[in-house]
Structure formats: structure tokens, C-alpha cells
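Here is what each chain is made of, one letter per residue.
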Amino acid sequence: MRKKSMTRLAWAAAIALTLTSCGQKRAQITGNITEAKDSVLYLDNMSLDGPKAIDSVRLGDDGAFTMKALPANGGPEFYRLRINGRIINLSVDSTETITVRAKYPTMATDYEVEGSQNCLTIRELALKQMDLQRRLIDIQGDINLNPTAAQDSIIKCIEAYKQDVKMNYIYKEPMKASSYFALFQTLGNMLIFNPRENAEDIKAFAAVATSWDTYYPEAVRGQNLHNIAIEGMKDLRIARQQDEMVVDASKVNVTNIIDIALPDNHGQTRRLTDLKGKVVIIDFHVFAAKESPARIMKLREIYNKYHAQGLEIFQVSFDPDMHFWKQQTEALPWICVHDNRLTESPIFSQYNLQGLPTFFLMDRENVLHKRDAQIKDLDAEIRSLL
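Residues numbered from 1 in each chain as written. Predicted model: local features only at pLDDT ≥ 70, side-chain atom pairs only at ≥ 80, totals over all residues. Heavy atoms only, no water.

We now examine the sheet that holds strand 5 (residues 77-83). With antiparallel pairing, the 4 strands of this open sheet are ordered in space as 3-2-5-6. Edge strands, defined here as strands with exactly one partner in the open sheet, are strand 3 (50-58) and strand 6 (86-92). Here the average twist between neighbouring strands, direction ignored, is 25°. Inspection of the sheet shows strand 2 (residues 40-47) paired to strand 3 by 8 bridges, in the antiparallel sense. (Pairing = 2+ DSSP bridges. Helix = DSSP H or I, 4+ residues; strand = E, 2+ residues; numbered from the N terminus. Axes fitted to C-alpha atoms, helices over the stretch in contact; angles between N-to-C directions.)

Shown next, in the form of C-alpha cells:
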């Protein structure tokens, strides 16, 4: 009897789960694309793994269509309507209904959209990008420009475009789906915003990532942006170190301190050399990194245990988003400074930083004692210096 009851309960739970899943509300994309009778209209989900067709319909005389987006997954999602290479980019948030009206074959440049401010902004950005591409083609075809002048003009056009998009879209409303969309616009196969080679572009990625942390904490796309920004910082640092003389790591333990003078989170310049007489943890950090909260908790434990005996923490942040950094450090009791040069900072080569986060111990005489890789027991090392 008990076995039958358990079986019934299991079936009831399974049915309830299925009904909940099937009944989950989904955003609707509807409208008309005329002059496209018998053409197949596809709805692609622009996933992190690439475009995936999730629905399609063969259009009739009036071009009417209705399609369903995927269930919401922690934040805005991105889609495109597609007929034979002509596309309309859309973002979908929650259970909204988006209406699109267009005419084939000019649908990519001449369409109307209702029900989503993000989609309207994405339309603006898409048209701006197409205009940029046309201008670059015109420059390349100008017989009055030599190759050097043409290249210079192209670079200036792209930089002007990026400045416009950053100031009027990305930094203005970094939490918007349209700002995320702007980060991944391309010219051919080239990203307009390149987080692998440009420190300013990394800042744009980080600004959107930190805003998505607040507004869409469960969104995988937000974490993906963090990873892109951090990897970009790493790539820039490696490239820079290849062109510089890197400090020999073996010399770190025997040389006097290389001074660091940077503004703290209250705008006051703080110098490492001013801490002579204290044992110091010099922590090089990125608050946007996934492991940051756990690391900060460990540093708090160490600080609370030894600060009264003469321990100080001098924490150097390389976060691209200074506003985010100030928020994260507001309640921290130790010295928090910020280097806005990011991976261009000479600190990377001076201290031979091979990755972030990392730390060094400095003794009371302003001499570097050991780096984290050389320390097996941090408590014992600190006590030996105190």
C-alpha cells in the first residue's frame, strides 16, 4: 500500500513539474513582413554558443507571423528575424510582446518595432553601424587618398563611432540590453570594441558587466562579460611585458621596495613607502573577478587578527570600472588604491605580476619579504615579521 502511495506521489510531482515547465510564460514576437510571400522567416536565438534557429514560418500574402521566444533565463536574451541573409536584431526581456513591421528585401534597414525600448535602441545602433560601414567603404574607394591617408581616415571614423556609442549608449545606460548589443557589433569579422587589444574597450565591457550584476545577477551573460574583461586585461599585460624588460622574480626578495603612489577611494594619494615600520600585505586585486568576495573575507580575518599588532593592507585595484571599485571598497578598513592605467601600468612589470589576484609581504623596513607563491603559512609568516 505504501509503495503504491509513493508511486502516485512521484507521478504527481512529475506531472506538476511538466505542467509548470509547459506553462512558463514566454515573450511573443509578432508582426508582418510584406512582399515576402512563400519566403521562410526564421527566429534565431543569438546564444553564447552562436545563432540557433528556434522557430520558423512560411509567410503568406500579408506576411503575418507570430513566434515565441525561449523562457526567460535570468536576464535579457537576444534574437534575430531572418530571411535569406536579411536580419532584424531584437532583444527580449521577460514576457513582453514585440511587434515588428517591415517589407522585404529592405527589412534590415527599414523596419518598425513596438513594445520594447531596447529594440528601438538596438535599431538605432544597427543603423549607425551600417552607416559607419558605408563610410569606410567610401574611404577605401576614394582614389584621391593614398593608402596611409585612407587608413588614418578609417581609424578616425571608427574611433569617433566608438566614442559616440560609449558616451551616448553604453556608459549612459550600461544595464540595458542595447548596451550589451553595442559591445558585440562588428565590421566584417572584426569586433568594433576589441577587449583583447584596447584598454578603453575593456572598460566598456566591465561597465556593462558590473551593471548586469546588479540588475540581472542570475544572467550568464553578465559573468561572460566579466570573463571577457579579465581575459582582455591579461592579454594586454602579456603583450606589454613582451616589449618591456621584466623584473627578475628572484630579485624581489633582496631589493628594496619599488614605491607605489596612487589615489585611494577618498581621493588621497597613498604611498607604499609611507608604511615603513609596519608589516604590509600588498594585495593586487580585481573586485570584478569571481573569486573576489571570498578573498576579501580572508583578508578581513587576517586584518582583524593582526592589525593592532602592526599589520596593514595596501590593496591595489585594477578594476576597469572605478565607480564599481569605490562601491566595493567603501566599507573596507585598509588602504585601497586604484590604478586607472589597468594593464598599461608599469606595476605589472615592476612587480612581475603573472596573474591577478596576487600579493606580497613587506617587512617593517620597507623590504619585500615574499610573494604568495612562496608562502605556505601566511599566519606564520606574518607573526615572524611582527
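So, about the nonpolar core. Counting residues in hydrophobic clusters, the biggest one holds 78 residues, and the most contacted among them are Ile260, Leu272, Ile282, Phe284, Phe314 and Tyr351. When residues in this core are grouped by element, the largest group, 8 residues, is from helix 3 (residues 147-170). Excluding anything up to four places from it in sequence, Ile260 contacts Arg270, Arg271, Leu272, Ile282, Phe284, Phe314, Val316, Ile347 and Tyr351. Membership of the second largest hydrophobic core comes to 24 residues, among which are Ile33, Leu81, Ile98 and Val113. (Core = buried A, V, L, I, M, F, W, Y, C linked by side-chain atoms within 4.5 Å. Buried < 20%, exposed > 50% of the residue type's maximum accessible area, 1.4 Å probe, protein only. Contact = heavy atoms within 4.5 Å.)

Looking along the chain, the bond that leaves Tyr104 and enters Pro105 is cis, with omega of 10°. Within the fold, Pro105 resides in the loop between strand 7 (97-103) and strand 8 (111-114). At Asp38, a position not held by glycine, the phi torsion is positive, near 75°. Considering the arrangement of structural elements, one finds Asp38 in the loop between strand 1 (28-34) and strand 2. Take Asp38: its relative accessible area is 47%, and that puts it in the partly exposed class.

Counting buried positions along strand 6 yields 5 of 7 residues, so the element is predominantly enclosed. Of the pairings in the sheet, the one linking strand 5 to strand 6 comprises 7 bridges and is antiparallel in character. Counted as the bridge partner of Phe78 is Ser91 from strand 6. Taking the residues between adjacent antiparallel strands as the criterion, strand 5 and strand 6 are bridged by 2 residues, where Asn84 takes a positive phi near 50°.

Attention shifts here to the side chain of Gln185. As for its position among the elements, Gln185 is in the loop between helix 4 (177-183) and strand 9 (186-187). A residue is classified by how much of its surface remains accessible, and Gln185, at 4% relative accessible area, is buried. Of the polar contacts made by the side chain of Gln185, one reaches the side chain of Tyr161; its length is 2.7 Å. If near-sequence neighbours (up to four positions away) are discounted, Gln185 is found in contact with Leu125, Ala126, Gln129, Tyr161, Met190, Leu191 and Ile192. (Polar contact = N/O pair within 3.5 Å; in protein donor to acceptor, adjacent residues only side chain to side chain.)

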